[in-house]
Amino acid sequence: MDDESARTTDGSAASARTDTDGFAYSPLLPTDGEGPRMRRLDIGGVETTTTEVAGTSRTFLTVAPETLTDLAEVAFKEISHYLRTDHLASLRAIIDDPEASDNDVFVALDLLQNAAVSAGEILPMCQDTGTAIVSAKRGPNVLTDGDDARHLSRGIGRAYEELNLRYSQLAPTSLFEETNTGTNLPAQIEVALSPADDYELLFMAKGGGSANKSFLYQETKAVLNESAMLDFLAEKISTLGTAACPPYHLAVVIGGPSAEFTLKTAKLASAHYLDDLPETGDAELGHGFRDREFEKTVFELTQNLGFGAQFGGKYFCHDVRVVRLPRHNGSLPIAIAVSCSADRQIIARINSGGVFIEELEHDPARFLPAMGRVEEIESGNVTAIDLDRPMPDLQAQLSELSVGDRVSLTGTVIVARDIVHAELRDRLDAGGELPDYFKDHPIYYAGPAKTPEGMSSGSFGPTTSSRMDTYVRQFQEAGGPMIMLGKGNRSAQVKSSCAEFGGFYLGSIGGPAARLAQDCITSVEVLDMEELGMEAVWKIHVEDFPAFIITDDKGNDFFDSTGPPTLGLGRTRTVRDGTRLD
Ligand code: SF4
């Protein structure tokens, strides 16, 4: 239900004014839009009371602890399973764009199918269900018991316990030892004051891959002109790579009163939380603003990088936000941040009308193209690989293909990541051998979310492969793995090792973990190191599991053909199906 009573503003723009004594003030980030469409939640515990305070009548809004707890639980359930309508429409626009590469279209379709599976409220959209973050603003007449972070944390903990999510938070027990808290808490919760009459909360679930792509650069005025800034951004945006599962919502923040404010602004902008900023600066008030023209220029730049939606094309980004902030004349902080394919954020508001939450899209399937078009995209240029054949046969088949080619995998895959790799390296260092399963089968870098009752797998997408780079040469020298499967780009040492030992690295689409679990993973069993829990060695059976050849046995790497445009802006350089077109 869309409810007008939810549409109070945060009042920050209203507070940008000149006082009667001539003092001019504006918040750094004045936003004054209508905000998203909201629906009223069936959550009680909000009461208004009017009373006399110091001779003035004031109306207070009292919010019970359970109200915050229930709201947080609902918010994390929503963002674990649903996306914003705009995000889904943007994926569909990729499919409909005749200039999108075949790989762009395939990835966009997979992500839309994933959204449709996730909307069943059983499998979360991504296996990395994130760090819980709450950024809130509370008006002066909103009364709580002051322990808001505790009550919100309780609701977050409930959501992670009751849903099929994953616990990713590690408590430091000494300087170098850590233990999983088993609740996904603690969360990052910040509540600020605002002059508004309501309590506004932004809930986010930020996966590790996406969080790792927040960068701060301490620059100088030398980059504060269009040409130098574009060169700077082309280089820095290229370093984002694909490990955080593009297409991205990219945010660039230029300036800021401190490094931490600049970074936080970038995170909020990537969540489209600052979309209503003014579009021009103000010489007297000095507040931040959005530069929509420069956003278009940077967006065009991202389309020319060649990465596309993970495997070549033009859709590295859905969109770009550029925010300019005031700065000290001796500093120029610049921040870059992304919201990934798990674009998980939701705004909630508590006011005299009750508790409201942003309407996410509960029918993502309506964005899927017609069935004939789905089959056409899926059956495009793809090579089927039977993974249960001997490893030398698989290497020979892959050797016939080129980087950027799409393959469809069926058969046995071994799942292992960081801790298993460290244990096996210790074994090799002690004079031992790799287990046969590491030599005979492809290794998938992944870690599942909880397995829902009655299903063979929880959400089970790839993790960032580069974390395993340092093991590859030593392991391949010892016999395996000759086929690796994960997401994102690898280092030069992986490329040279694959060339020397006949290895391959295949890129799995980052993001559609729910679809992989439902449609492509038919069995999951623990194979070794069971004591590591989620980090154990798993043996899984996959069917029609989509992947792309990233690194081959001849020293080729798909990402060698991507990077900052070197031909100047306005000239396109795209990679289509792995082929660079200048
Ligand atoms: S979509 Fe990719 S980057 Fe985002 S949370 Fe999932 S695995 Fe991490």
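Residues numbered from 1 in each chain as written. Predicted model: local features only at pLDDT ≥ 70, side-chain atom pairs only at ≥ 80, totals over all residues.

1. A short note on the overall build of the protein
Keep this limit in mind: The numbering of helices and of strands both runs from the N terminus, where a helix is a DSSP run of H or I of at least 4 residues and a strand a run of E of at least 2. Only C-alpha atoms enter the radius of gyration, while the globule expectation follows 2.2 Å times N to the 0.38, with N the number of residues. Three exposure classes are used, based on other C-beta atoms lying within 10 Å of a residue's own C-beta, which is placed from the backbone: buried for 20 or more, exposed for 12 or fewer, and partly exposed in between.
Summing up its helical and strand segments, the protein has 15 helices and 27 strands in all. Here the C-alpha atoms of the protein give a radius of gyration of 25 Å, agreeing with the 25 Å that 2.2 N^0.38 yields for 582 residues. Projected onto the principal axes, the alpha-carbon positions of the protein cover approximately 85 × 55 × 55 Å. Burial analysis of the protein (582 residues in total) assigns 48% to the buried set.

2. Some details on the site of the ligand
Applied cut-off: Nearness is defined per residue: the C-beta atom, placed using the backbone, must lie within 6 Å of the molecule or strand. Three categories are distinguished: nonpolar for Ala, Val, Leu, Ile, Met, Phe, Trp, Tyr, Cys and Pro, charged for Asp, Glu, Lys and Arg, and polar for the others, with Gly belonging to the last.
Around the ligand there are 13 residues in total, and C126, G207, G209, C245 and C340 lie nearest to it. A class-by-class count of the residues in the shell around the ligand yields five nonpolar, seven polar and one charged.

3. Topic: the UniProt feature "domain: Fe-S hydro-lyase tartrate dehydratase alpha-type catalytic" (unreviewed entry) in the protein
Test applied: UniProt positions are given in the numbering used here, feature names are shortened, and annotations may be inferred rather than shown by experiment.
UniProt feature "domain: Fe-S hydro-lyase tartrate dehydratase alpha-type catalytic" (unreviewed entry): in the numbering of this structure it lies at residues 71–347. Helix makes up 35% of residues 71–347 and strand 25%, and the two end C-alpha atoms of the span are 11 Å apart.

4. Side note on the domain arrangement of the protein
Filter applied, for reference: Domain delimitation follows an automatic or database domain assignment. We call two residues in contact whenever the C-beta atoms placed from their backbones are within 7 Å.
On domain assignment, one finds that the protein holds domain 1 (1–207 + 343–379), domain 2 (209–341) and domain 3 (381–561). Across the contact, 29 residues belong to domain 1 and 30 residues belong to domain 2. Going through the elements one at a time, α2 (85–96), α3 (102–118) and β11 (199–206) are the ones with two or more residues in the side of domain 1 that touches domain 2. Looking at which element gives the most residues to the side of domain 1 that touches domain 2, the answer is α3, with five residues.

5. Re the sheet that holds β11
Worth spelling out the cut-off: Here, a strand pair is defined by DSSP locating no fewer than two bridges between the strands. Only the stretch in contact is used when fitting a helix axis, every axis being a line fitted to C-alpha atoms; angles between N-to-C directions are given from 0 to 180 degrees.
Strand order in this open sheet of six strands is β3-β18-β17-β11-β6-β10, and the pairing throughout is mixed. In this open sheet, the two strands that pair with only one neighbour each are β3 (38–41) and β10 (188–193). Shown here is a sheet whose adjacent strand axes are inclined to one another by a mean of 20°, direction ignored. The sheet contact formed by β11 and strand β17 (residues 345–351) spans six bridges and is antiparallel. What sits directly across from Y199, in β17, is I350. Relative to the sheet, helix α4 (residues 148–162) contacts β6 (131–138) and β10, its axis offset from that of β10 by approximately 140°.

6. Re the packing of helix α1 (residues 65–81) against α4
Packed helices, taken two at a time, are described by the angle their axes make and the gap between the axes. Spelled out, the test is: Relative orientations are named as follows: roughly parallel for angles under 35 degrees, roughly antiparallel for angles over 145 degrees, roughly perpendicular for angles from 65 to 115 degrees, and oblique for any other angle. Whether a crossing is left-handed or right-handed is set by the direction in which the near helix is turned from the far one by less than a right angle, anticlockwise for left-handed and clockwise for right-handed.
Here α1 crosses α4 at 40°, and the two axes come no closer than 7 Å. What the angle tells us is that α1 and α4 run oblique. Between α1 and α4 lies a crossing whose hand is right-handed. Here P65, L68, T69, D70, L71, A72, E73, F76 and K77 of α1 come into contact with α4, specifically with D148, H151, L152, R154, G155, I156, R158 and A159. Here the contact of α1 with α4 is composed, by residue class, of eight nonpolar, three polar and six charged.

7. Section: the environment of A478
Position of A478 among the secondary structure elements: in the loop between α13 (469–477) and β22 (483–486). Taking the C-beta count within 10 Å as the criterion, A478 has 17 such neighbours and is therefore assigned partly exposed. Excluding anything up to four places from it in sequence, A478 contacts L428, E433 and L434.

8. Comments concerning the nonpolar core
The nonpolar side chains of a soluble globular protein tend to be buried with one another. The condition is simple: Joined through C-beta atoms within 7 Å, a set of buried Ala, Val, Leu, Ile, Met, Phe, Trp, Tyr and Cys residues constitutes a nonpolar core.
Residues A75, A108, V252 and V253 are the most contacted members of the largest nonpolar core, which totals 148 residues. In this structure, A75 is in contact with F203, I346, A348 and I357, ignoring residues within four places of it in sequence.

9. Here's the deal with the sheet that holds strand β12 (residues 215–219)
In space, the five strands of this open sheet follow the order β12-β16-β13-β15-β14, with mixed pairing throughout. Both edges of this open sheet fall to β12 and β14 (289–290), since each of them pairs with a single strand only. The pairing of strand β13 (residues 248–256) with strand β16 (residues 332–339) spans six bridges and is antiparallel. In the sheet register, V253 faces β16, and the bridge partner there is A335.

10. Points about the pairing of strand β15 (residues 317–327)
Most of β15 sits inside the fold, with eight of its 11 residues counted as buried. In this structure, β13 lies alongside β15, joined through eight bridges in parallel fashion. Directly across from H249, in β15, lies its bridge partner D319. Where β14 meets β15, two bridges bridge the pair, whose relative direction is antiparallel. When the sheet's bridge partners are listed, R290 is paired in β15 with V323.

11. Quick word on unusual backbone geometry
With omega at 5°, the peptide bond leading from P246 into P247 counts as cis. Locating P247 in the fold gives a position in the loop between α6 (226–238) and β13. P481 follows G480 through a cis peptide bond whose omega is 5°. Relative to the assigned elements, P481 resides in the loop between α13 and β22. The backbone phi angle of E121 is positive, close to 65°, even though this residue is not glycine. Looking at the element boundaries, E121 is found in the loop between α3 and β6.

12. A few points about the pairing of strand β23 (residues 504–508)
Inclusion rule: If the strands point away from the viewer and the path from the first strand over the helix to the second runs clockwise, then the crossover is right-handed.
Of all five residues that make up β23, five are buried, and the element is covered over most of its length. Across the two faces of β23 the burial is the same, with F504, L506 and S508 and Y505 and G507 all buried. The handedness of the β22 to β23 crossover, carried by helix α14 (residues 492–501), is right-handed. Bridging between β23 and strand β25 (residues 537–551) involves four bridges; their strand directions are antiparallel. Considered in β25, the bridge of L506 is made with I549.

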